[in-house]
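Chains, contacts and geometry: an overview
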Amino acid sequence: MELQSNLAAFRKAGIQPVAVSYDSVDVLKRFAKDRDITYPLLADPESRAINAFKIRNTAARGRTAGIPHPGTFIIGKDGRIVARLAHDGYRERHTSAQIIEAAGK
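For the structure given in this document, a descriptive report is provided here. (Residues numbered from 1 in each chain as written. Predicted model: local features only at pLDDT ≥ 70, side-chain atom pairs only at ≥ 80, totals over all residues. Heavy atoms only, no water.)

**Overview of the packing of aromatic side chains**
- Going through the model one piece at a time under the given rule, you end up with one aromatic pair.
- Between the aromatic rings of phenylalanine 53 and phenylalanine 73, the centroid separation amounts to 4.5 Å while the plane-to-plane angle is 45°, which identifies the pairing as tilted. With phenylalanine 53 in the loop between helix H4 (48-52) and strand S3 (71-75) and phenylalanine 73 in strand S3, this pair connects stretches of sequence that are 20 residues apart.
- Look at phenylalanine 53 and you get partly exposed, because its relative accessible area is 32%. (Phe/Tyr/Trp six-rings, centres within 6.5 Å; stacked < 30°, edge-to-face > 60°. Helix = DSSP H or I, 4+ residues; strand = E, 2+ residues; numbered from the N terminus. Buried < 20%, exposed > 50% of the residue type's maximum accessible area, 1.4 Å probe, protein only.)

**Section: the nonpolar core**
- Of all hydrophobic cores here, the largest spans nine residues; its members are Phe10, Ala13, Ile15, Ile74, Ala83, Leu85, Ile99, Ile100 and Ala103.
- Secondary structure elements with two or more residues in this core: helix H2 (7-13), strand S4 (81-86) and helix H5 (96-102).
- Those residues in contact with phenylalanine 10, other than ones at most four positions away along the chain, are Leu3, Ile15, Pro17, Ser96, Ile99 and Ile100. (Core = buried A, V, L, I, M, F, W, Y, C linked by side-chain atoms within 4.5 Å. Contact = heavy atoms within 4.5 Å.)

**Here's the deal with the pairing of S3**
- Because side chains alternate across S3, one face comprises the buried residues Thr72 and Ile74, and the other comprises Gly71, Phe73 and Ile75, none of which is buried.
- The pairing of S3 with S4 spans five bridges and is classified as antiparallel. Looking at the pairing, isoleucine 75 lines up with isoleucine 81 of S4.
- Adjacent in sequence and paired antiparallel, S3 and S4 are bridged by five residues, among which glycine 79 carries a positive phi angle near 85°. (Pairing = 2+ DSSP bridges.)

Encoded structure:
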């Protein structure tokens, strides 16, 4: 929600937010519709991208198996990771201002 409310600031900084989740396409469609999310939400139900970025919570079991630790990756136009922001807990998220600052914008 915080990202959505700051899309204008991201656009001004030349940043395109994209979220990756282990949820299915259908779950993400409902989530986006219910919360008026207009930036891309990418489904990774097999956690392939989550595993590739090495952010999978390997302690998660059952319904939450495959869930990632929260993190923000800033990827440049050349496809390289410019910055990585992470929190130890799962409740905290980075603010739009922190993301824009980490991107050097």
